[in-house]
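Letter by letter, the chains look like this.
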Amino acid sequence: MPKKIALLGLSASEIVEALALSPSFRGKQIFSWLSKGVDSFEKMKNLDKTTLEKLNTVAVIYTSSVSKVLKDPDGTIKLQITLEDGRAIETVLLTDKEGRKTACVSCQAGCAMGCAFCQTGQLGLGRNLTAGEIVEEFFYLEKEAGKLDNIVFMGMGEPLQNLSAIRKAVEILTDKNGRALSTRRITLSTCGLVQGIYELADKGPKMRLALSLTSADSDLREALMPVAKGNSLGELKKALAYYIEKTGKRVTLEAALLAGKNTGKESAAKLIEFAKDLDVYINLIPWNPVPGLDFSTPSTSECSYFLRQLEDAGLNVNLRVRRGAKIGGACGQLGKSSVSFGKTS
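These figures come from a predicted structure and were not determined experimentally.

A.B. asks: Just to check I follow, could you spell out helix α8 (residues 233–247) for this structure?
C.D. replies: Every α-helix winds through 3.6 residues per turn, so residues three or four apart in the chain are directed the same way. Helix length check: α8, at 15 residues, gives a terminal C-alpha distance of 21 Å against a target of 21 Å (1.5 Å per residue), a fit within 8%. Every buried residue of α8 is accounted for by Leu 233, Leu 236, Ala 239, Leu 240, Tyr 243, Ile 244 and Thr 247. Buried residues of α8, viewed axially, fall in a sector of 135 degrees; they line one side. Opposite the packed face of α8, turned more than 90 degrees from it, sit the exposed residues Lys 238 and Glu 245. Looking at the buried side of α8, the elements it contacts are α6 (194–203), β11 (208–212), α7 (218–224), β12 (251–257) and α9 (265–275). Downstream of α8 by a residue or two, Gly 248 has a phi angle that is positive, lying close to 75 degrees.

See below:
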């Protein structure tokens, strides 16, 4: 039996082509309904009977399914999603103190980067997600929490390794005839693939960029983040400077603070030097515990000391409040469950 057409990964014109629709305005109608988060063709009230029959026969809205909904008392929601091939991913809704809702979506099942302090990095890579699967995450979260304000590609996986699918997902979510999300409300977080940063700067899509830096000590960063061995701090800084100049956008530097590892005076001095002459905002993230990983969360005083060092140097810096840790939904914890994230048999 032919595989059904997954609609959430298609633009209005692609829907027309894939379904051989006539008249062509049906594609815009279907796309508009999908952007409203409908989960069945019968809810598309302005479609004629022939189009509805075709949709039910050859197309599908969601290819994945939500297998579990976890809710933290702090308002964080984590969805465990089973993909069509049996692999699994997680996506998270974060709500800040102003009530703004952000979808933290995954772009891969698992991750190949192997960062020593990250749960997802211990899983290995299953595969890239399709654009449709990424869009499905967003609409699943809207079903749970209502209209979202922002989207960050900061879940499972390295976004710059799946940039084509992210481009397509952004095209769909920002379409003015659909969900119309502003590109100013979209952020991509990378562990530091230099060539990918240049490609994003040159070819878009326009969005905010965050770098998981963690340490500006070359030896320590290489020990914690294998990606650093082929993407030196010097080349990484040049790429960030290029991105800032090309796009006019400030870059966020993220540092997972590990007790006794990267929170001392020398670590602060090296981070200050790295940030020098760059238009950056720095997010400090006390490490979120992951069973089996040999790290510790720094104390409040340890975090405060490191924060002061950066503030005294005139940097724009914030110590992030932990959210979602009770459900394994905090930064670095995705994949902390019993479902299968890698390859299926």
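A.B. asks: How should I be thinking about the packing of α9 against helix α10 (residues 300–312) in this particular structure?
C.D. replies: Pairs of packed helices are described in terms of their axes, by the angle between the two and the distance that separates them. Here α9 crosses α10 at 35 degrees, and the two axes come no closer than 10 Å. The chirality of how α9 crosses α10 is right-handed. Each of Lys 265, Ser 267, Ala 268, Leu 271 and Ile 272 in α9 lies in contact with α10, whose residues at this interface are Tyr 305, Phe 306, Gln 309 and Leu 310. Residue classes in the contact of α9 with α10 are distributed as six nonpolar, two polar and one charged.

A.B. asks: What should I look at first to understand the pairing of strand β9 (residues 150–153) in this one?
C.D. replies: A regular strand places its side chains on the two faces of the sheet in alternate fashion. Here β9 shows no split at all, with Asn 150 and Val 152 on one side and Ile 151 and Phe 153 on the other all buried. In the sheet, strand β6 (residues 101–105) pairs with β9 via four bridges, with the strands oriented parallel. Counted as the bridge partner of Cys 104 is Val 152 from β9. After leaving β9, the chain enters helix α5 (residues 163–174) and then returns to the sheet as strand β10 (residues 186–190), a path that is right-handed.

The rules behind each value
Residues numbered from 1 in each chain as written. Predicted model: local features only at pLDDT ≥ 70, side-chain atom pairs only at ≥ 80, totals over all residues. Heavy atoms only, no water. Helix = DSSP H or I, 4+ residues; strand = E, 2+ residues; numbered from the N terminus. Expected span 1.5 Å × (residues − 1). Buried < 20%, exposed > 50% of the residue type's maximum accessible area, 1.4 Å probe, protein only. Arc of directions from axis to C-beta. Contact = heavy atoms within 4.5 Å. Axes fitted to C-alpha atoms, helices over the stretch in contact; angles between N-to-C directions. Left-handed = near helix turned anticlockwise from the far one by under 90°. Nonpolar A, V, L, I, M, F, W, Y, C, P; charged D, E, K, R; others polar. Pairing = 2+ DSSP bridges. Right-handed = clockwise from strand over helix to strand, strands pointing away.

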